[in-house]
Amino acid sequence: MRKVLGLLGVGVLCVLTTLSSAEEVEENEELSVRLFDRLKERVFVTGAVKFETAIETDGDAQKFEFIVQPEIEINVNDDTNIVFVPRMRFDALDELEPGRPDQDEIAGPSRRWLIGDPLELEVRELFVETIVGDTYLTVGKQTVVWGESDGLKVLDVVNPTDLREFGLADFEDSRIPLWTVNAEIPIKEATLQLLWIPDTSKHNIPEMGSTFDLVNIDLPDSINLNIENYARPRDGFKDSDFGARLSGFWKGWNLSLNYFYHYDDTPVVYLALAAGDDGVTVTVSPEYERTHLIGGTFSKAFGDLTLRGELGYSTKKYFDASILFDPDGVHETGEFGYVIGLDWFGIRDTMISFQLFQSILDHDAPGLGRDRVDNTITFLVRRSLKNDTLSVYNILVHNLNHGDGYVRPKISYQVNDEMSIWTGFDIFYGGDSGLFGQFDDKDRLVMGMEWSF
Amino acid sequence: MNLAIGLLYIVSSVFGAPNLSNETGVPTIEQIVENVNARDVGVQASNTIRMTLTDKKGKELVRESVGFRKYFGEEKRSLNFCSKPAKLRNFGLLTFDYEGEEKSDDSWAYLPDMRKVRRISTDDRGATVLGTDFTVQDMKNESKISTVDYDYSAAGIETVEDHVCHVLEALPVSDAIAKELGYGKLHIFVDADIWILRKVEFWDVEGTHLKTITMHDVEEVDGIWTARRVFAKNHQNDHSTLIELLEIDYTTEIDDDTFTERALRRGIRGK
């Protein structure tokens, strides 16, 4: 950081010393020193350089990735800050998203700059936060997190997800920040949050041929396949998402009410069959549909135990269905989902966490590509050792309907204040038809290190 | 999550100096305890703290935090953010400590990696804090003396760094409390002039000498006796922790709105 500020100071000095007289030069040197001191007080540069590699258990290397992500904070005044977080990512193997993905799912201003196949630059966050009257206003590209659950999303759908590594990337790396106007208005002890999101970006879905591609259609040779581009809504005003959350603390409970009028970030895959001279053609048309999401959250600590949960109802969700019963291959229904989580701290230096996630559709349909009631559980154990410098962690995610899931044992060590290292496994299990089981052959060993500054 | 619990009680160790000696000049145990606990710690305090953790091989880890604490009647609210190292920047903890009430504290952690405020339990009073040699209860006491966890007896008068001290021996009131706190016995050295704690020796529940906490550079700040440095040495694993109070301000008004989930979520930038 000193070097950066030093360069800024030298730059100011160079400009000012173009003036002629020695006295002026002296005065300007003093001025530049004062400016430099003010910069030091107002500008904070932190960040991280991260390296991580993943090797599949059959020996194939999956990624060899470097990330440089500085975070620059400028304190304009006591009430106003500007935050800028650029990211450079270099993956020497280029297997997770081979080549240059077209980024159809991402709105133009939010896209990454792809420089060659392995290198990309991105503005992760760029926002101004200020106080207007009693309202806290954050305007710009940012991340908004709702909900109480970890990993299982009912209300945490404000920002889309980068599925480049399925769900295995760091929480921070797997979110796609959006250009958003975010107002937080205190109302007595509660807070009303209002969101306007003109950014129409959706989930980043790896293209066919990627390591974790989700679109893998295997048809007989006699059937032709025509996949159309994502029909993403593009009008920043007409297609905006809007959200409101009222949250507060009441008699020991943290409670919130949430409402989100949005395009679901998961595309609805419409199918159309057509017979022609060259046989049958299946046209796949991924589109996005609007829905109202209404829900709430709760949490409270009871001795060593913390109870937390969230629930939500989406008025319209769309699921794959048999084309025999639904001509467009899609079934429309409402969906109720909830997560109940328990965190237990009864063993010293250890946290044990359990979550149950249930998704219930309003009504079933013949040939539906999922059960009407779908159940997933997670089980997490984390233990700190050696005065918190060594951490051992394992999480199990298991779908009860399909009997598939994954486990992620991991150990990390803090070498010093700046450096940490880690290693672990990501192990999928279950049949091909399951969300997790489809990646059973993608088990991998992960090793990494991070230097923070 | 221990890391999360950690910063919760990293607040300045502040010690008041009430003048409550009895008429005979020889205070009873009850008077010593009362004198220590009657100290003025100020209605509010803002502070900046550096913690240096040293392991038996000499490896050091340094953490810095910015903290705010304010009393709302009997209820104490505090908000602390980690400022260094960079990896932990903006990690924050908010707690409502219901002094003297039966109910547990309410505590929230802001986890910057997840961008989430998470409700946490701080009921394990014997858990160590942020990898330091202090427990949750050590920090929570702010060098006051518990009137419910221990039975006290006099153990003489000794000198600590040229300060005459009353020595109290504290034994947990039950085996359950001993196990919960992780201590089988304490020797508490109370300064006979200004009623601050100068040193505390700890033994574990098996009776083995566990650790020593000492207070240094005690001075008056805004009329409140304040220890600028607090040092803890664990004799069993040869690990130590030095807490240095870099800045302390008892006078600047802290807005009530500081102690909210919204402020916790905004992080250190808002401070």
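Residues numbered from 1 in each chain as written. Chains lettered and ligands numbered in written order. Predicted model: local features only at pLDDT ≥ 70, side-chain atom pairs only at ≥ 80, totals over all residues.

A.B. asks: Before we move on, can you summarise the overall build of chain A with the specific residues and values?
C.D. replies: Looking only at helices and strands, chain A features three helices and 23 strands. Here the C-alpha atoms of chain A give a radius of gyration of 25 Å, agreeing with the 22 Å that 2.2 N^0.38 yields for 453 residues. Overall, the C-alpha framework of chain A stretches about 90 × 60 × 50 Å when taken along its three principal axes. Put simply, chain A has 453 residues, and 28% of those count as buried. Sequence-distant contacts in chain A: of pairs separated by 6 or more residues, those separated by 24 or more amount to 57%. (Helix = DSSP H or I, 4+ residues; strand = E, 2+ residues; numbered from the N terminus. Rg over C-alpha atoms; globule rule 2.2 N^0.38 Å. Buried ≥ 20, exposed ≤ 12 C-beta atoms within 10 Å, placed from the backbone. Contact = placed C-beta atoms within 7 Å.)

A.B. asks: Describe the overall build of chain B, naming the residues involved and giving the relevant values.
C.D. replies: Scanning chain B from N- to C-terminus turns up five helices and 13 strands. Looking at chain B residue by residue over its 271 residues, the buried ones come to 48%. Sequence-distant contacts, at least 24 apart, represent 51% of the contacts inside chain B between residues at least 6 apart.

A.B. asks: Could you give an account of the nonpolar core, with specific residues and numbers?
C.D. replies: Within the largest apolar cluster, 43 residues are counted, with the highest numbers of intra-cluster contacts made by Val36(B), Leu186(B), Ile188(B), Val190(B), Leu197(B) and Val200(B). Top element by residues in this core is strand β12 (residues 224–234) of chain B. It accounts for five residues. (Core = buried A, V, L, I, M, F, W, Y, C linked by C-beta atoms within 7 Å.)

A.B. asks: Please provide a residue-by-residue account of unusual backbone geometry, values included.
C.D. replies: For the bond from Lys84(B) to Pro85(B), the omega torsion is 0°, close enough to zero to count as cis. By secondary structure assignment, the location of Pro85(B) is in the loop between β3 (75–84) and β4 (92–98). Of note, Lys251(A) is a non-glycine position whose phi angle comes to about 50°, a positive value. Within the element layout of this structure, Lys251(A) appears in the loop between β10 (241–250) and β11 (253–263). Its identity as a non-glycine residue notwithstanding, Leu130(B) has a phi of 50°, on the positive side.

A.B. asks: I'd like a description of the pairing of strand β18 (residues 373–385) of chain A, backed by residues and values.
C.D. replies: Residue and element names in this part refer to chain A. Here strand β17 (residues 350–361) pairs with β18 via 11 bridges, running antiparallel. Following the sheet pairing, Ile352 is matched in β18 by Val381. Where β18 meets strand β19 (residues 390–399), 10 bridges bridge the pair, whose relative direction is antiparallel. Residue pairing across strands places Arg383 opposite Val392, the latter belonging to β19. Between β18 and β19, which pair antiparallel one after the other, the connecting turn spans four residues, and Lys386 there sits at a positive phi close to 50°. (Pairing = 2+ DSSP bridges.)

A.B. asks: So, the interface of chain A and chain B: which residues are in play, and what are the values?
C.D. replies: Listed by partner, the interface residues are 36 residues for chain A and 30 residues for chain B. Counting residues per element, the ones that place at least two in the side of chain A that touches chain B are α3 (171–174), β14 (290–302), β15 (305–320) and β18 of chain A.

A.B. asks: Talk me through the sheet that holds strand β12 (residues 268–276) of chain A; I want residue IDs and the actual numbers.
C.D. replies: Residues and elements named next belong to chain A. The strand order across the open sheet formed by three strands is β9-β13-β12, and the pairing between neighbours is mixed. Two strands close off the open sheet at either side, each with one partner strand: β9 (223–227) and β12. Across the sheet, the mean angle from the axis of one strand to that of its neighbour is 20°, orientation sign disregarded. Two strands pair when backbone bridges link them, and β12 and strand β13 (residues 279–287) are joined in this way by nine bridges, in the antiparallel orientation. (Axes fitted to C-alpha atoms, helices over the stretch in contact; angles between N-to-C directions.)

A.B. asks: Kindly report on the pairing of strand β7 (residues 178–187) of chain A, identifying the contributing residues and their values.
C.D. replies: All names here are of chain A. Alignment of strand β6 (residues 135–142) against β7, held across seven bridges, turns out to be antiparallel. When the bridges of β7 are listed, Tyr136 appears paired with Glu184. Pairing of β7 with strand β8 (residues 190–197), which is carried by seven bridges, proceeds in the antiparallel orientation. When the bridges of β8 are listed, Ile185 appears paired with Leu192. The antiparallel pairing of β7 with β8 creates a hairpin that spans two residues between the two strands, and Lys188 there sits at a positive phi of about 55°.

A.B. asks: Which residues make up the confidence of the model for chain B, and what are the values?
C.D. replies: Residue and element names in this part refer to chain B. The share of residues in chain B with pLDDT of 70 or more is 89%, and the mean pLDDT across the chain is 86. The low-confidence segment residues 1–22 (pLDDT under 50) makes 97 contacts with residues lying over four places distant or belonging to another chain. Across the interface, the model reports ipTM at 0.84; the global pTM reads 0.86. (pLDDT = per-residue confidence, 0-100.)

A.B. asks: Explain helix α2 (residues 29–37) of chain B to me, and be specific about the residues and the numbers.
C.D. replies: Residues and elements named next belong to chain B. Residues Ile32, Val33, Asn35 and Val36 constitute the buried set of α2. End-on, the buried residues of α2 take up no more than an arc of 160°, which puts them together on one face. Taken together, the buried residues of α2 touch β7 (150–160), β8 (163–172), β9 (185–191) and β10 (197–203). (Arc of directions from axis to C-beta.)

A.B. asks: Outline the confidence of the model for chain A, listing residues and values.
C.D. replies: With 94% of its residues at a pLDDT of 70 or more, chain A shows a mean pLDDT of 90. In the model, residues 1–19 of chain A has pLDDT below 50 throughout and makes 22 contacts with residues more than four positions away in sequence or in other chains.

A.B. asks: For the environment of Lys63(A), give the residues involved together with the corresponding values.
C.D. replies: All names here are of chain A. Examined against the element boundaries, Lys63 turns out to sit in strand β2 (residues 61–77). Lys63 sits 32 residues away from Glu95 along the chain, and the two C-alpha atoms are 6.7 Å apart. For Lys63, the contacting residues outside a window of four places in its chain are Glu52, Thr53, Ala54, Asp91, Leu93, Glu95 and Leu96.

A.B. asks: Describe the environment of Asp364(A), naming the residues involved and giving the relevant values.
C.D. replies: Of note, Asp364(A) is situated in the loop between β17 and β18. Between the C-alpha atom of Asp364(A) and that of His331(A), which follows or precedes it by 33 residues, the distance is 8.8 Å.

A.B. asks: Quick one: what's the story with the environment of Tyr230(A), residue by residue and with numbers?
C.D. replies: All names here are of chain A. With respect to the helices and strands, the residue Tyr230 is situated in the loop between β9 and β10. For Tyr230, a count of 18 C-beta atoms within 10 Å translates into the label partly exposed. Leaving out residues up to four positions away in the same chain, Tyr230 has contacts with Asp104, Glu105, Pro267 and Pro286.

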